[in-house]
Structure formats: C-alpha cells, structure tokens
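Here's the letter readout for the chains.
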Amino acid sequence: MNLVQLRKKNDPIVRNAEKDVDDEGFSPMNPPDPYRPPGSNQAIPYAEMHPLLREYRDDHDALTVEIDAFEAMLTKIKADGVQRETETALSRFFRCLDESLFPHNRREERRLFPLLAQRLVERGECNKTSPPTTAVDLLEDEHDEFLQLAALVFNFFGMASRLRDAESRSLVLATAVQQAEVLVESLRLHIFREDQIVFSLAQKYLSAAELDAIHAMDASHARDGHASDDHDHDHGHRPGHDHGHKHDDHVEA
Ligand SMILES: [Fe+2]
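The shown structure was predicted, so the numbers you read here are calculated from the model rather than taken from an experiment.

Rules of the game
Residues numbered from 1 in each chain as written. Predicted model: local features only at pLDDT ≥ 70, side-chain atom pairs only at ≥ 80, totals over all residues. Core = buried A, V, L, I, M, F, W, Y, C linked by C-beta atoms within 7 Å. Buried ≥ 20, exposed ≤ 12 C-beta atoms within 10 Å, placed from the backbone. Helix = DSSP H or I, 4+ residues; strand = E, 2+ residues; numbered from the N terminus. Contact = placed C-beta atoms within 7 Å. Axes fitted to C-alpha atoms, helices over the stretch in contact; angles between N-to-C directions. Parallel < 35°, antiparallel > 145°, perpendicular 65-115°, else oblique. Left-handed = near helix turned anticlockwise from the far one by under 90°. Nonpolar A, V, L, I, M, F, W, Y, C, P; charged D, E, K, R; others polar.

Visitor: Whenever I open this one, the nonpolar core confuses me. Can you help?
Guide: In a soluble, globular protein the nonpolar side chains are often hidden away together inside. Within the largest apolar cluster, 27 residues are counted, with the highest numbers of intra-cluster contacts made by Ala150, Val153, Phe157 and Ala176. Of all the secondary structure elements, the ones that give two or more residues to this core are α4 (51–80), α5 (84–122), α6 (135–162) and α7 (166–205). Ignoring sequence-local partners within four residues, the contact set of Val153 consists of Ala176, Gln179, Ala180 and Leu183. The next biggest cluster of nonpolar side chains, apart from the first, holds 20 residues, and it includes Leu116, Val136, Leu139 and Val198.

As structure tokens, this is what we get:
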C-alpha cells in the first residue's frame, strides 16, 4: 500500500463520497476514484476564481512543470542511473520544493485554511469527530507528508551517491526512485484536490471581502520580507518541522 492508498483510508473527501454510496453508485468494491470524487464536476473555473485563489493555482501550474520534469528524470535514472545532468535536475527539483512549494503551503496554512476550516465546520461539511475534521486537515497532513517524504527521497539519493558497493548503491537508488514516484503521485493528487475541490469551496464559502483581506495580508507579508522567514526558519510550515536537508546540499553522482 503506498502513501496515497494509505491516505485514502482516512480521507474526508473520499469518506464524504462513501457516505453517499446509494446516491452515487459506489460500494466498498467500487470505491470512488480520488480524481473524480462526487462534486468535482462542480469545480469553479479558474477565470471565475478570486485573484488570491488564481495565484495559488498559478503556483500549482508552475510546480506541475517541475514535477513533470522530475518524473521524466526518474525514468531516465531507471534506464541509465544517475548522470551529471540528472544530478543537476535533482538539485533543481529539491530547490524548487524549498523555495516555492513549502513557502506556498505556508501561505495557504496561515490564513486561508483556518477560515475555510471554520466555514466547513459551520456548514456541517466535516467528520463528526471531536474536534471535527475537514478536508483542510487532510491537506495540512499532506503538507507534512511532503516535508517528510522529500527529506527521505533527498537523503536516499544522497546516500546512493556515497555508496561504493555497486549492489548497495543500486538498491538504495531504486528505493529513492520508488519513494520519489510516491512523492510525485501524492503531489499531483494534492494539487488536483486544491485546484478542483478545496479552492472551489473557498470561493463559495468565503466572501470577496474575506478573500481580498487574505490577499492583501499575503502581499504585505511578502513585501515585509517574511516570505524569506518562512524559507529560512520553517520551510513553509509550522515551527519544529524539519525536512532534513540544507538548501546548499546537492546530490553527487
Ligand atoms: Fe497549494
């Protein structure tokens, strides 16, 4: 069972779908496709979203370009091993996570997610746990997992590059690639959920004034240089989380 399958077990988006088994024609033997959860066909188009949400989606589009390149590089590694150019591409991807993805996640978590979670609970769109959990909790958990998985993958590639024994090196490299593929799959699903489901909920349940205020605070936070604080201190997440590598690190073939 990979990370995404594991996550589905406790997935409020999928579980909400499973509540509607009779209505939607799902059954335990026919679980909903995570890329086609009920309601996803009601996604609000990009052009109709608030500029704040469009900015977040633009970040996702830029990240998707990097994910595609990273995935192509994984295929190349499987065929040819780590070469000089794959080493550069690896470093580029991890730098992108540090400089773009993790600060982006922190921006979402700082203001948008808390207000959206509150709205979802008020509307009963939550699991009836104590405290209640919403789709926002799932996304925050995934943000944590990306930090951990990125550290794992980075360290496996680094370890493979230092091993002299060919058999051990190839074993560790295969593990690095396998975990990197899980990271790719998880990032894609996460982006889909935010773009197609959660941002539509934010567009529906938050007022234009609330989204304007978050947008303005985001901009002033960035202007005051706090974005670099995110980068330097918490890698775009709550303090205390450490994804285990330094920015200057690079993978050596
Ligand atoms: Fe995001």
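Let's pick the thread back up.
Visitor: What is the right way to look at the environment of Lys76 in this model?
Guide: By the secondary structure assignment, Lys76 is in helix α4. Spatially, the C-alpha atoms of Lys76 and Thr86 are 7.9 Å apart, while their sequence positions differ by ten residues.

Visitor: For this particular structure, what's the right way to read the packing of α5 against α6?
Guide: Geometrically, a packed helix pair is captured by the angle between its two axes and the distance between the axes. For the pair α5 and α6, interaxial distance at closest approach is 9 Å and the crossing angle is 165°. Classified by the angle their axes make, α5 and α6 are roughly antiparallel. Here the hand of the crossing between α5 and α6 comes out left-handed. Taking contact as the criterion, the partners of Leu90, Phe94, Leu97, Asn105, Glu109, Phe113, Leu116, Ala117 and Leu120 in α5 are, on α6, Ala135, Val136, Glu140, His143, Ala150, Phe154 and Phe157. Across the contact of α5 with α6, the residue classes break down as twelve nonpolar, two polar and two charged.

Keep in mind these numbers describe shape, not what the thing actually does.
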